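# Residue-level structure breakdown
Take a look at the letters that make up each chain.
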Amino acid sequence: MPVRIPQEQVATQLAAVGYIPDRDLAMALWLMESLKRPLLLEGEAGVGKTEVARALAHAHDTRLIRLQCYEGLDQSAALYEWNYQRQLLAIKAREGSDASAVEEHIFSETYLLERPLLAAIRQDKPAVLLIDEVDRADEEFEAFLLELLSDFQVSIPELGTITATTIPRVILTSNGTRELSDALRRRCLYHYVDYPDVDREARIILSRLPGIDTDLALQIANMVSLIRKEDLRKSPGVAETLDWAATLAGLEIRHLRDDPETVHETLMCLIKTAEDTARMTREVSDRLLGKVA
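A short tour of the structure in this document, coming up. Numbers given to residues run from 1 along each chain, matching the order in which its sequence is written. Note on the predicted model: pLDDT of at least 70 is required for a residue's local features to be given, and 80 or more for side-chain atom pairs to be given and counted; whole-chain, interface and lining totals, by contrast, use all residues. Remark: hydrogens and water are excluded; side-chain values derive from all non-hydrogen atoms of the structure.

## A short note on the packing of aromatic side chains
Working definition: an aromatic ring pair is given by the centre-to-centre distance plus the angle between the planes. Using the following cut-off: A pair of Phe, Tyr and Trp rings is counted when the ring centres sit within 6.5 Å of each other, with Trp represented by its six-membered ring. The angle between the planes then sorts it: under 30 degrees is stacked, over 60 is edge-to-face, the rest tilted. Residue burial is assigned from relative accessible area. The probe radius is 1.4 Å, only protein chains are included, and a residue is buried under 20% of its type maximum, exposed over 50%, and partly exposed in between. Strands here are runs of E lasting at least two residues and helices are runs of H or I lasting at least four, both read from the DSSP assignment and numbered beginning at the N terminus.
This structure, assessed with the given rule, holds two aromatic pairs. Centre to centre, the rings of Tyr80 and Trp82 are 6.3 Å apart; their planes meet at 80°, and the pair counts as edge-to-face. Here the two residues Tyr80 and Trp82 agree in accessibility, since each one is buried. Ring centres 5.6 Å apart and planes at 50° place the aromatic pair Phe141 and Phe144 in the tilted group. With Phe141 and Phe144 both in helix 8 (residues 139–151), this residue pair falls three residues apart, about one helical turn. Among the residues examined, Phe144 registers a relative accessible area of 12% and is labelled buried.

Spelled out as structure tokens, the structure:
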């Protein structure tokens, strides 16, 4: 008898907070929870990777802690810093006091500034730690991150080793701007997030815009799917789809074919570059509209 995997429960939990995952993503999230492993989500910008972490935190009613990666990100910005201004004030206020006592005082918890990684392992309730766009960070930081995710403890020279109070649910995202190390990939579970298919994107629209007409949501999802197949520099993401859907619903459009001029004029909700605007002519939008059921 096959083992029943409760990925349906994960999908139901996320759907309840407005995120509609596909079956494979629901499985990846269930495995992340079951194995207590970080999950690496890779895919194009705009497919909803970051939103997975937000939805997960909402579903578990816990804190979302986000570390936005960038080139040059170092440990102090990601882990902890000392509040140097307060330390200087404390030193000045204790002029003439025993130097050892002053040093012990200023390097205490009172003057410690938690950054995302340290904050994530010191929560009383397991947080969701989102390490966003890890591919933008340097390889040196990636190596440091690997060590932290393996042990979930931090060594602060002035305070000693701080062990995790709780183990966070860790989601890393990557847009593929550079190749990640094999070591980091081995440490994580992996899932590639693609653009949703037409049916799932229509369900996303209906979930986020409950008052929208079901037929219109399906037409919008169809149209966006066709636009993504065009030779564009920047394909519209799910957020852009929702903006366009909200715009059309607000204009009381019932069927896209009934008002092709408005459809074309509002495509600016989807198109994000001058190059793509030039390519998405009225003739192109009319051609795509003709394929929408």
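Picking up where we left off.
## Considerations on the pattern of salt bridges
Quick note on the threshold: The salt bridge criterion pairs a side-chain nitrogen of Lys or Arg with a carboxyl oxygen of Asp or Glu, the two atoms within 4 Å.
Counted under the stated rule, the structure contains 19 salt bridges. Across the pair Arg54 and Glu51 runs a salt bridge whose closest N-O atoms are separated by 3.1 Å. Taken as a pair, Arg54 and Glu51 lie in helix 3 (residues 49–59) at a separation of three residues, close to a single helical turn. For Glu133, the salt bridge identified is with Arg136, shortest N-O distance 3.2 Å. Each member of the salt-bridge network shares a partner with another, and the members are Glu33, Lys36 and Arg169.

## Thoughts on the environment of Asp259
What counts here: Any pair of nitrogen or oxygen atoms within 3.5 Å is treated as a polar contact; in protein, a donor-acceptor pairing is required on top of that, and neighbouring residues in sequence qualify only through side-chain atoms on both sides.
By the element assignment, Asp259 lies in the loop between helix 12 (238–250) and helix 13 (260–265). Given a relative accessible area of 26%, Asp259 falls into the partly exposed group. Distance from Asp259 to Leu118, taken between C-alpha atoms, is 53 Å for residues 141 residues apart in sequence. One polar contact links Asp259 to Thr262, side chain to side chain, over a distance of 2.8 Å.

## A look at the sheet that holds strand 5 (residues 128–132)
Let me state the cut-off plainly: Strand pairing is assigned whenever DSSP identifies at least 2 bridges connecting the two strands. Lines fitted to C-alpha atoms define the axes here, with helix axes fitted over just the stretch in contact, and angles between the N-to-C directions of these axes take values from 0 to 180 degrees. Any two residues whose heavy atoms approach within 4.5 Å at even a single point are treated as in contact.
Taken together, the five strands give an open sheet; going across it, the order is 2-5-8-1-9, and neighbouring strands pair in parallel fashion. Among the strands making up the open sheet, the edge pair consists of strand 2 (64–68) and strand 9 (189–192). Across this sheet, the average inter-strand angle for adjacent strands is 20°, counted without regard to direction. Relative to strand 9, strand 1 (residues 39–42) runs parallel, the two sharing four bridges. Following the sheet pairing, Leu41 is matched in strand 9 by His191. The sheet contacts of helix 2 (residues 23–35) involve strand 1, strand 8 (169–174) and strand 9, and relative to strand 9 the element is tilted by about 165°. The sheet strands contacting helix 3 are strand 1, strand 2, strand 5 and strand 8, and the helix crosses strand 8 at an angle near 165°.

## Let's talk about helix 15 (residues 282–289)
An α-helical turn contains 3.6 residues, so any two residues separated by three or four positions project in the same direction. Applied cut-off: For this quantity, the arc is that covered by the directions from the helix axis to the C-beta atoms.
Taken as a whole, helix 15 has its buried residues at Val284, Ser285, Leu288 and Leu289. Buried residues of helix 15 fall within an arc of 135° about the axis and therefore sit on the same side. Buried residues in helix 15 make contact with helix 11 (214–228), helix 13 and helix 14 (274–279).

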